[in-house]
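Examination of the molecular architecture
Spelled out, the chains give:
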Amino acid sequence: MSLIVFPAIDLKDGQVVRLAEGDMARATVYGDDPAAQAAIFAEAGADHLHVVDLDGAFAGRAVNADAVEAIIRGFPGKVQVGGGIRDRAAVDRWLGLGVDRVVIGSAALDDPEFVKQAARDLPGRIVVGVDARDGMVATHGWADVSDVPVVELAQRFADVGVAALLFTDVGRDGLLKGCNVDATVRLARHTRIPVIASGGVADLGDILELARNASEGIEGVITGRALYDGRLDLRAALSVARG
């Protein structure tokens, strides 16, 4: 089975950044033209993008909408967007702008009925963000850690039309420690919903290991800092992921 590689564009104040462990105070700026960055990824062969409105994740509403719209206009492939999507109006707005899928994180815990109804109404368009810190679900820009285990949250959304689960190990995100493949596979084995791995991808070895486990139910992998720091070549990653 092939693996989708989602290059990540995280937006803060209209700039392309990467955070360490989801901490807004530990942001590294990689550029001030998100649409140009998307074009670079497209040129390397990417046909999917993962875009996060980091300010929106904390504000609970779209903050970097102009930058996201510019990315959508210029990127020829599919774009999934997350960050601050907490009601149906936000979902419909992003989809109306041409986003392929929206990622809903905090609301999956806070307002699960909204998420389930959106998934039923829009099959294949809703991705549930399952962010974990020490196996427990983290929400609201990862500022809060709940007492809900990751697997339990995932199982709440079985059979409602959710496109995928986006699993992020917060403790590894942006640190190049290596993807938590074991935890990703464990989650995939406990649900029939495809899982996207995220957090800590360090090099081509992570992509290879996830590709080897794609048959367990792993749909794709999100990578950011490793690409920006030059530790991971996108063309090589896409080649390995596609088999």
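Above this text sits the structure in question.
Residues numbered from 1 in each chain as written. Predicted model: local features only at pLDDT ≥ 70, side-chain atom pairs only at ≥ 80, totals over all residues. Heavy atoms only, no water.

Before going further, it helps to examine the overall build of the chain. Assigned secondary structure in the chain consists of 11 helices and 12 strands. In terms of C-alpha radius of gyration, the chain reaches 16 Å, essentially the compact-globule figure of 18 Å for 243 residues. When its C-alpha atoms are laid out on the principal axes, the chain stretches across 40 × 40 × 30 Å. Classification of the 243 residues of the chain by burial places 56% in the buried group. Intrachain contacts of the chain at a sequence separation of at least 6 include 70% that bridge at least 24 residues. Carbon and sulfur atoms make up 45% of the accessible area of the chain, which totals about 9,800 Å². (Helix = DSSP H or I, 4+ residues; strand = E, 2+ residues; numbered from the N terminus. Rg over C-alpha atoms; globule rule 2.2 N^0.38 Å. Buried < 20%, exposed > 50% of the residue type's maximum accessible area, 1.4 Å probe, protein only. Contact = heavy atoms within 4.5 Å. Areas by Shrake-Rupley, 256 points an atom, 1.4 Å probe, with all protein chains shown as cover.)

Right, let's get into the side chain of Ser198. Examined against the element boundaries, Ser198 turns out to sit in strand β11 (residues 195-198). Look at Ser198 and you get buried, because its relative accessible area is 9%. Side-chain polar atoms of Ser198 contact the side chain of Thr168, separated by 3.4 Å. (Polar contact = N/O pair within 3.5 Å; in protein donor to acceptor, adjacent residues only side chain to side chain.)

This part is about the packing of aromatic side chains. Going through the model one piece at a time under the given rule, you end up with 2 aromatic pairs. Measuring from centroid to centroid gives 4.8 Å for Tyr30 and Tyr228, while their planes differ by 25°, and the two rings are stacked. Note that Tyr30 is positioned in strand β3 (residues 23-31) and Tyr228 in helix α10 (residues 225-228), a separation of 198 residues in sequence. On the basis of relative accessibility, which here comes to 23%, the residue Tyr30 falls in the partly exposed class. Between Phe41 and Tyr228, the ring centres sit 5.9 Å apart and the planes meet at 65°, which makes this aromatic pair edge-to-face. With a gap of 187 residues between them, Phe41 in helix α1 (residues 34-43) and Tyr228 in helix α10 connect regions that are remote in the sequence. By the burial criterion, Phe41 is buried, and Tyr228 matches it. The rings of Tyr30, Phe41 and Tyr228 are connected pair by pair, giving a single aromatic cluster. Positioned above the aromatic ring of Trp94 is the side chain of Arg93, whose terminal nitrogen or guanidinium carbon lies 5.7 Å from the ring centre. (Phe/Tyr/Trp six-rings, centres within 6.5 Å; stacked < 30°, edge-to-face > 60°. Lys NZ or Arg CZ within 6 Å of the ring centre and 35° of its normal.)

The next point concerns the environment of Lys116. Inspection of the secondary structure puts Lys116 in helix α6 (residues 112-121). Taking the relative accessible area as the measure of exposure, Lys116 reaches 17% and is therefore buried. Taking the C-alpha atoms as reference, Lys116 lies 9.1 Å from Arg156; in sequence the two are 40 residues apart. Residues contacting Lys116, with those up to four places away along its chain left out, are Arg156, Phe157 and Val160. Within polar-contact distance, the side chain of Lys116 engages the backbone oxygen of Arg156 at 3.4 Å.

Another point: unusual backbone geometry. The phi torsion at Asp13 lies on the positive side, around 55°, for a residue other than glycine. One can find Asp13 in the loop between β1 (4-12) and β2 (15-20). Taking relative accessible area as the criterion, Asp13 reaches 58% and is therefore assigned exposed. Of note in this structure, Asp159 is not a glycine but carries a positive phi near 65°. Its place among the elements puts Asp159 in the loop between α7 (150-155) and β10 (164-169).

Enumeration over the complete set of coordinates arrives at 12 salt bridges. Between Glu113 and Lys116 there is a salt bridge, with the nearest N and O atoms lying 3.8 Å from each other. With a gap of 3 residues between them, Glu113 and Lys116 both fall in helix α6, about one helical turn apart. Between Asp159 and Arg192 there is a salt bridge, and its shortest N-O distance comes to 2.9 Å. (Salt bridge = Lys/Arg side-chain N within 4 Å of Asp/Glu carboxyl O.)

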